[in-house]
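Spelled out from the first residue to the last, the chains are:
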Amino acid sequence: MGRMARRRRRTMTAALLAATVAAALASGCTTAGGRLDDGRGDVPDSTDSGSPESSTPRAPSPLAVKIDNVSAARPQTGLDAADIVYAEQVEGGLSRLMAVYATKLPKTIGPVRSARESDLELLRQFNEPTLAFSGAQGKLMPLIDKAPLRAATPEDDGNAYYRRSDKPLPHNLYLRPDRLLKSAPGADALTTGFRYGAAPAGGKAENTRTVRFPAARFTFDWAQDRQRWLVSMDGSPTVTTDGKRVAASTVVVQYVNVRKSTFRDFLGNNTPYTTTVGSGTAKVLRDGKVFDAGWKRPAAEDGTEFTTTDGSPLNFAEGQVWVVFAKA
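Residues numbered from 1 in each chain as written. Predicted model: local features only at pLDDT ≥ 70, side-chain atom pairs only at ≥ 80, totals over all residues. Heavy atoms only, no water.

Going by an unreviewed UniProt entry, the protein carries the name DUF3048 domain-containing protein and comes from Streptomyces liliifuscus.

So this is what it looks like as structure tokens:
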């Protein structure tokens with residue numbers, strides 16, 4: 001049945017894509033070069049047979065999972081096993097998480113929720129990642145299908161998902177990642193541009209840092225005994241369903257442009273678009289200190305480079321990294 005569902009979806013995708021392109025062109029929703037704003041950057045057409053194949057070995061592909069982050073979805077499962085957790089703003093000023101797994105696959109991850117347009121730009125830094133999500137706004141699905149990633153939804157990979165009875169719909173969809181990936185791809189899949197190593201000189205002592213969205217907030221408290229930043233969300237400690245406190249080795253507060261996207265939710269609310277290509281400033285928390293930083297990501301297929309105020313590469317501490325996209 002999975003193959004039949006895929007065939008049906010490809011047929012529907014072709015029609016939806018044509019309609020989306022026409023609608024977008026009619027409304028002016030294109031980039032400066034006249035392309036749809038699909039977050040893919042300058043990606044060659046896959047049908048262009050004139051492009052020579054690179055002899056460089058391809059990086060392995062990680063798993064990215066969209067994780068629900070409203071109060072009804074907590075506590076989450078498998079969040080502590082992620083290598084990177086991105087926090088982004090969604091409709092109504094609320095937040096949603098994207099957890100990226102490369103070095104470890106937990107038994108279960110969730111609750112899984114829907115994707116957003118800016119996820120496509122963020123994920124371009126990885127080599128054809130698997131994106132696990134519950135669905136997306138109808139007009140966005142053709143862009144997801146066109147993006148250089150493997151879209152893994154309950155429609156196409158039903159045996160990888162299940163619903164639990166301890167939470168209400170739609171906050172009870174969970175993923176068994178081993179049914180999407182045979183094994184963890186390894187650290188080489190983390191093509192983010194992040195550097196790990198000794199801390200730079202300087203920095204200021206920091207015990208706590210709070211980042212606020214219009215209707216959500218993240219707080220990171222330094223725990224000297226654990227050498228980690230303890231995560232809290234909306235004023236409550238962040239723990240997993242098995243009682244583990246979520247803690248990050250490095251926290252990045254990355255100041256970015258958050259603008260209106262071309263899509264709306266089912267209530268008509270405009271979906272924020274978090275722009276992660278470009279440059280700007282950041283605050284990097286590690287080792288009980290905060291460092292002023294700059295960030296640069298020239299193109300969507302590039303990772304993000306973080307530097308100190310004198311332009312030197314800024315190393316992160318080994319362990320889980322949280323990146324919170326704050327409005328510049």
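Okay, back to it.
A. Representation of the packing of aromatic side chains. A full pass over the atoms with the stated rule returns 10 aromatic pairs. The structure contains a cluster of three or more aromatic residues connected by ring pairs, namely Phe 194, Tyr 196, Phe 306 and Phe 316. Over the aromatic face of Tyr 174 sits the side chain of Arg 164, whose NZ or CZ is 4.4 Å from the ring centroid. Against the face of Tyr 273 rests Arg 259, its NZ or CZ located 4.1 Å from the ring centre. (Phe/Tyr/Trp six-rings, centres within 6.5 Å; stacked < 30°, edge-to-face > 60°. Lys NZ or Arg CZ within 6 Å of the ring centre and 35° of its normal.)

B. Spatial organisation of the pairing of strand S9 (residues 208-213). Going residue by residue along S9, you find Arg 209, Val 211 and Phe 213 tucked away on one face and Thr 208, Thr 210 and Arg 212 left uncovered on the opposite face. Where S9 meets strand S10 (residues 216-223), 6 bridges bridge the pair, whose relative direction is antiparallel. Within S10, the residue paired with Thr 208 across the bridge is Asp 221. If you look at the hairpin formed by S9 and S10, you'll find 2 residues sitting between the two strands. (Buried < 20%, exposed > 50% of the residue type's maximum accessible area, 1.4 Å probe, protein only. Helix = DSSP H or I, 4+ residues; strand = E, 2+ residues; numbered from the N terminus. Pairing = 2+ DSSP bridges.)

C. Molecular detail of the nonpolar core. By size, the foremost hydrophobic cluster in this structure holds 39 residues, and its most contacted members are Leu 63, Val 65, Tyr 101, Leu 175, Phe 218, Phe 220 and Trp 322. Looking at this core, the element that brings in the most residues is S10, giving 4 residues. Not counting residues up to four positions away in its chain, the partners in contact with Trp 322 are Leu 79, Val 85, Leu 97, Phe 218, Phe 220, Val 231, Met 233, Val 246, Ala 248, Thr 250, Val 251 and Val 252. The next biggest cluster of nonpolar side chains, apart from the first, holds 34 residues, and it includes Ile 84, Ala 115, Phe 194 and Val 258. (Core = buried A, V, L, I, M, F, W, Y, C linked by side-chain atoms within 4.5 Å. Contact = heavy atoms within 4.5 Å.)

D. Layout of the confidence of the model for the protein. Here the protein averages 86 in pLDDT, and 81% of its residues register 70 or above. Note that residues 1-54 has pLDDT below 50 and, in this model, 50 contacts with residues that lie over four places away or in other chains. (pLDDT = per-residue confidence, 0-100.)

E. Region of the structure containing the environment of Asn 207. Mapped onto the elements, Asn 207 comes out in the loop between strand S8 (204-205) and S9. On the basis of relative accessible area, Asn 207 is assigned to the exposed category, the value being 61%. Residues Asn 207 and Lys 289, 82 residues apart in the sequence, show an inter-C-alpha distance of 7.6 Å. Other than its neighbours up to four places away in sequence, Asn 207 contacts Phe 220, Asp 221, Trp 222 and Trp 229.

F. Expanded view of the side chain of Gln 125. Relative to the helices and strands, Gln 125 resides in the loop between helix H2 (117-123) and strand S4 (130-132). On the basis of relative accessible area, Gln 125 is assigned to the buried category, the value being 5%. Only 2.6 Å separates the side chain of Gln 125 from the backbone oxygen of Leu 122, close enough to count as a polar contact. Contact partners of Gln 125, with chain neighbours within four places excluded, come to Tyr 86, Thr 191, Thr 192, Arg 297, Ala 300, Glu 301, Asp 302 and Gly 303. (Polar contact = N/O pair within 3.5 Å; in protein donor to acceptor, adjacent residues only side chain to side chain.)

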